[in-house]
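Tertiary structure, described
Listed below, chain by chain, are the residues.
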Amino acid sequence: MIYHRVQSLSIFAKMEDIQQSVTTLISSYFNSLPETFMMRLIDLWRGLLLLSASTATFAITNKQTEAVLVPFALDPLPLGSVTPNGWLRTELETSAAGLGGHLFDFWSFVANSSWIGGDSEYSDLNEALPYWVNAMVPLSYTLQDERLKSNVHYVVDTIIDRIQSDGWIGPETLAGGERMIWARTLLFLGWTNLVEANATYEKPIIDAMHRFNRLMNTMLKNNGTGMIWHEGDKLSPSDYVWFISRTEDMMVSLQWLIDHYPGNQTDILKENIDLIHHFGSKWEAWYTNGTYVTQDLYDVPASVTTDQWQFLHGVTVAEGLKAAAVLRRSTFNDSLLKTAKDGVDWTFEYHGAASGTILADERLDGVNPYYGSELCTDVETIYSLAYNYFAIGDNDYADRAERAAFNALPAAVSGDWWSHQYMTQPNQPYSKNLSSTPFWDVNTQGQTFGLEPNYPCCTVNHPQGYPKFTMYSWLKKGETGLVHALLSPSHVETQVAGGDVTVDCQTDYPFRNELTYTITTDKTFEFYVRVPGWATGSTISSSDKGQQAGELDPKSGLRGIEVSPGTTTIEYNISEIASKFRTEPRANDTIAVYQGPLLYAIHIPPVVSSGPPKLYNNQQPFAPGTYPPQAHDYQMLNSTEWNVAIDPSTITYYDGGENTALPQPTWDDGQLPMYMTAKACLIDWPLFRGSVPGWPILKEDRKCLGDAFNATLRPYGSAKLHMAEIPTIDL
């Protein structure tokens, strides 16, 4: 009983008040015991509290969480523990200096948001500034960028100062009748990262989240108020679908509170998770045989889209990839492991792009290479797959996260990160205002590069991609292991096995397969690297010649080696097939070509023209002086023919020279030194809706329209105009 009463004390109460409360509790429960025994008991409890007084949370509280949630297979590190090196630093710094890093300076949906006293929102969801917080917190603290941190602090301080008297966070008032929970989901993802990175925000954010959690509990118990539509609500039923279908991200934040700051609210946090799941979409039911739609959505009745919309929006699907893993933490239902695996596998088999993202031009489609993938989908896919890896530990999730991060994301942004696409097509030989849209619900400008070429969500959401990838690239394995999970150049400082550990990784991965680690530690610990599923082998050597790497764990893909106190250098080399490339079949006798995790595509050099950025809703130019001079909208036309088929038996890989430096920016069009060539010819290839390349003709009907030539394939992320699902022909 005393144990549970002590747990109920506020984690932010003064230590002397907590000690006095413990004294009172023990005295009241054991007043019949001899005084000397009682005083020893009191001293014991007070001593336990003092052990963790420096963090205001204590060991007995943490014991409570052990049986509340399923532990992660591998534990994430706090934001700020991992910083980027090499090409990854180049990209993060370019993003910070680009569009995402300057939205606060000029873009009305951030700079004049209703959350900070303005009146500018792109929808009744009021989600723009929460999206910005979710992206800018990890970007600013991963880089330790003081300008961005200052912007973040101003926004967060203002939001906290404007919390309403009943605990509601945000601009919506009770009298206004527009209180919908959804946007808080995005805000809390950013806030939990901020607490980990900056202790100054621990008390105000945790207090605010717990207070909101109590308010949310009363709302949810009032028949799902704030989550589901009720007769008379000012918002429409379609507004509520976003939280109903994306519940897992709010659950992530509530579970984070249980893990780290439960206070006296564990029961109410658990109840809210149960209520959110009760009122939300059931992904565990969707990912079952006979329910999940494996067909192209154009080939099934329109009623399927209407009836199952909550499972069909592309960004929602990307977020839902982690739904089963999140739910398992609260339910301890291990059947959800299969649900998670089926959900991911089916999504990419029936609706996936070769670049590692999901084909959904708003709605899921099928696998036609003229369908599109939303940039928001790309970054949410990376986050969900990274989450699945550290929650479950299946190597396939990490492989998929890398594929999306190294292909889908960079293909959708310009080299300078000042423009982006709303939709990226696997086969995209031009980027312009199309004569007709090939997409389910995207305008004809959607695959151009610009400031807001279609709906503005991607403008504000895309900067989270590489910061979250970086944050989850290193994980802990128990108390004594450190894992390099998402391979990339980076630097990590943390504690393992009770000692301080610093690891500096220098590598050009994924462009080259050698990684060098310089490790300094004052305690012996186990160091792990992840071996990708595509690898044919790996070698790990240590400057400490007495240490040998262990065997590969086939589930997690991890190999470990013991590191002793002092400074150690470890060389890690990943082997692949001798040809350096491999192909994977795609629909209609086409192939995708890979080297390591990189997708290669036929590169089409662009003819580029630019103009002032246009407003998404009416395609009128921004007013002069209202946007930075670096911001433009672009048109890219193909300078060469695109209707190309290749003979895959003739593919040759060129590394560009082992010592050739990577370009800066990394993903600038056509600048990476590595490439492939293949013998090719032009074939007849009809257009879809007279607008974009449709399906290539069947293989048996393919004939060369002229002489054969050598086609050049480049990494997909650096080929802004590309043909990635390539028809084959025998030459």
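The structure displayed is predicted, hence computed values, not measured ones.

Time to look at the domain arrangement of the protein. For the protein, the domain assignment lists domain 1 (87–472), domain 2 (474–507 + 514–575) and domain 3 (582–727). Domain 1 puts 18 residues into the contact, and the matching count from domain 2 is 17 residues. Taken over both partners, the interface formed by domain 1 and domain 2 buries close to 1300 Å², and the fraction arising from carbon and sulfur atoms is 55%. Broken down residue by residue, the surface that domain 1 buries against domain 2 is led by Tyr-389, Asn-395 and Glu-402, which jointly contribute 34%. Scanning the region where domain 1 abuts domain 2 turns up two salt bridges. The partner of Glu-402 in a salt bridge is Arg-530, and the shortest N-O contact between them spans 2.8 Å. Listing elements by their share of the side of domain 1 that touches domain 2, those giving two or more residues are α5 (86–97), α20 (375–392), α21 (395–411) and α23 (465–471). The dominant element in the side of domain 1 that touches domain 2, judged by the number of residues it contributes, is α21, at six residues.

Below, the discussion takes up the packing of aromatic side chains. Counted according to the given criterion, the structure contains 41 aromatic pairs. Aromatic pair Trp-286 and Tyr-292: ring centres 5.5 Å apart, planes at 65 degrees, arrangement edge-to-face. The burial state of Trp-286 is the same as that of Tyr-292; both residues are buried. Three or more aromatic residues joined by ring pairs make a cluster, and in this case those are Trp-87, Phe-406, Trp-417, Tyr-466, Phe-469, Tyr-509, Phe-511 and Trp-667. One Lys or Arg, Arg-363, reaches over the ring of Tyr-298 and ends 4.7 Å from the middle of that ring. The positively charged end of Lys-432 is found above the aromatic ring belonging to Tyr-430, 4.7 Å away from the centroid.

Below, the discussion takes up helix α19 (residues 335–351). With 17 residues, α19 should reach 24 Å at 1.5 Å per residue; the first-to-last C-alpha distance of 24 Å fits that figure. Where α19 is buried, its residues meet α15 (283–286), α17 (314–320), α18 (323–331), β4 (363–364), α20 and α21.

Looking now at the side chain of Asp-399. Locating Asp-399 in the fold gives a position in helix α21. Beyond its immediate chain neighbours, meaning those up to four positions away, Asp-399 contacts Arg-530, Pro-532, Gly-533 and Trp-534.

Let us now look at unusual backbone geometry. Between Tyr-509 and the following residue, Pro-510, the backbone shows a cis peptide bond with an omega angle of 15 degrees. Here the residue pair Gln-664 and Pro-665 is connected by a cis peptide bond, since its omega of 0 degrees sits within 30 degrees of zero. With respect to the helices, strands and loops of the structure, Pro-665 is situated in the loop between β23 (652–654) and β24 (675–682). In this structure, Gln-144 takes a positive phi of about 50 degrees despite not being glycine. Mapped onto the elements, Gln-144 comes out in the loop between α8 (128–143) and α9 (146–161).

Moving on: the state of the cysteines. On inspection of all chains with the given rule, the structure shows one disulfide. Through a disulfide, Cys-681 is tied to Cys-704; the S-S separation comes to 2.1 Å. Its S-S torsion of approximately -80 degrees makes the covalent link between Cys-681 and Cys-704 left-handed. Here Cys-681, found in strand β24, pairs with Cys-704, found in the loop between β26 (692–693) and β27 (709–715); they are 23 residues apart in sequence, far enough to count as distant. With a relative accessible area of 0%, Cys-681 lands in the buried category. Cys-376 forms no disulfide, and the closest cysteine sulfur to it belongs to Cys-458, at a distance of 3.1 Å.

So, about the pattern of salt bridges. It is possible for side chains of opposite charge to pair when their charged atoms get near one another. Tallied over the full model, the rule gives 21 salt bridges. For Arg-184, the salt bridge goes to Glu-172, with nearest N and O atoms at 2.8 Å. Of this pair, Arg-184 sits in helix α10 (residues 182–197) while Glu-172 sits in the loop between α9 and α10, and the two are 12 residues apart along the sequence. A single burial state applies to Arg-184 and to Glu-172, both of which are buried. For the salt bridge of Asp-365 with Arg-363, the shortest nitrogen-to-oxygen distance reads 3.5 Å. The exposure class assigned to Asp-365 is buried, which follows from its relative accessible area of 0%. The class for Arg-363 is buried, based on a relative accessible area of 4%. A cluster of three or more residues bridged by salt bridges with shared partners is formed by Lys-341, Asp-345, Asp-396 and Arg-400.

A word on empty space enclosed by the protein. Inspection of the entire model under this criterion finds two cavities of 30 Å³ or more. The wall of the largest cavity is formed by Thr-247, Glu-248, Met-251, His-277, Ser-281, Trp-283, Glu-284, Ala-323 and Leu-327. Elements with a contribution of two residues or more to the lining of the largest cavity: α13 (247–260), α15 and α18. If one sorts the elements of the lining of the largest cavity by residue count, α13 sits on top with three residues. Its volume calculated, the second largest cavity comes out at about 40 Å³. In terms of lining residues, the second largest cavity is bounded by Ala-353, Ser-355, Thr-357, Leu-359, Ser-373, Asp-378, Ala-408, Thr-424, Pro-426 and Tyr-716. Within the lining of the second largest cavity, the residues separate by chemical class into five nonpolar, four polar and one charged.

Contact pair α10 / helix α11 (residues 202–221): the axes reach a minimum separation of 10 Å and the direction vectors enclose 150 degrees. As α10 packs across α11, the resulting crossing turns out to be left-handed. Across from Arg-184, Phe-188, Trp-191, Thr-192, Leu-194 and Val-195 in α10, the residues of α11 making contact are Glu-202, Ile-205, Ile-206, Ala-208, Met-209 and Phe-212. Here the residues of the contact of α10 with α11 sort into nine nonpolar, one polar and two charged.

Rules and cut-offs
- Throughout this document, residue positions are counted from 1 along each chain, in the order its sequence is written.
- In view of the model being predicted, local features appear only for residues whose pLDDT reaches at least 70, and side-chain atom pairs are presented and counted only at 80 or more, with totals across whole chains, interfaces and linings using the full set of residues.
- Computation of side-chain values: all heavy atoms of the structure, hydrogens and water removed.
- All domain edges in this entry derive from an automatic or database-based domain assignment.
- Pairs of residues are marked as contacts when any of their non-hydrogen atoms sit within 4.5 Å.
- Accessible area that two parts lose when put together, with a 1.4 Å probe and added across both, is what the buried area reports.
- By definition here, a salt bridge exists when the distance from a side-chain nitrogen of Lys or Arg to a carboxyl oxygen of Asp or Glu is within 4 Å.
- Runs of E in the DSSP output that reach at least two residues are strands. Runs of H or I that reach at least four are helices, and both are numbered from the N terminus.
- Side-chain rings of Phe, Tyr and Trp (the six-membered ring for Trp) are treated as a pair once their centres are within 6.5 Å; stacked means planes under 30 degrees apart, edge-to-face means over 60, and tilted covers the remaining angles.
- Throughout this description, buried means an accessible area under 20% of the type-specific maximum (1.4 Å probe, protein chains only), exposed means over 50%, and partly exposed covers the range between.
- Two thresholds decide whether a charge sits over a ring: the Lys NZ or Arg CZ must be within 6 Å of the ring centre and within 35 degrees of the ring normal.
- A helix is expected to span 1.5 Å for every residue after the first.
- The term disulfide is used for any two cysteine sulfur atoms that are within 2.5 Å.
- The definitions used throughout rest on a 1 Å grid laid over the protein atoms alone, on which a cavity is an enclosed set of points accommodating a 1.4 Å probe that cannot get out and a pocket is an open set flanked by protein within 12 Å on both sides along at least five of seven lines; lining residues are those having an atom within 4 Å of a point.
- Grid points are joined across faces, edges and corners, and a volume is the space filled by probe spheres set on the points.
- Each residue gets one label: Ala, Val, Leu, Ile, Met, Phe, Trp, Tyr, Cys and Pro are nonpolar, Asp, Glu, Lys and Arg are charged, and the others, such as Gly, are polar.
- Throughout, an axis means a line fitted to C-alpha atoms (over the contacting stretch in the case of helices), and angles, computed between N-to-C directions, take values from 0 to 180 degrees.
- By definition, turning the near helix anticlockwise from the far helix through less than a right angle yields a left-handed crossing, and turning it clockwise yields a right-handed one.

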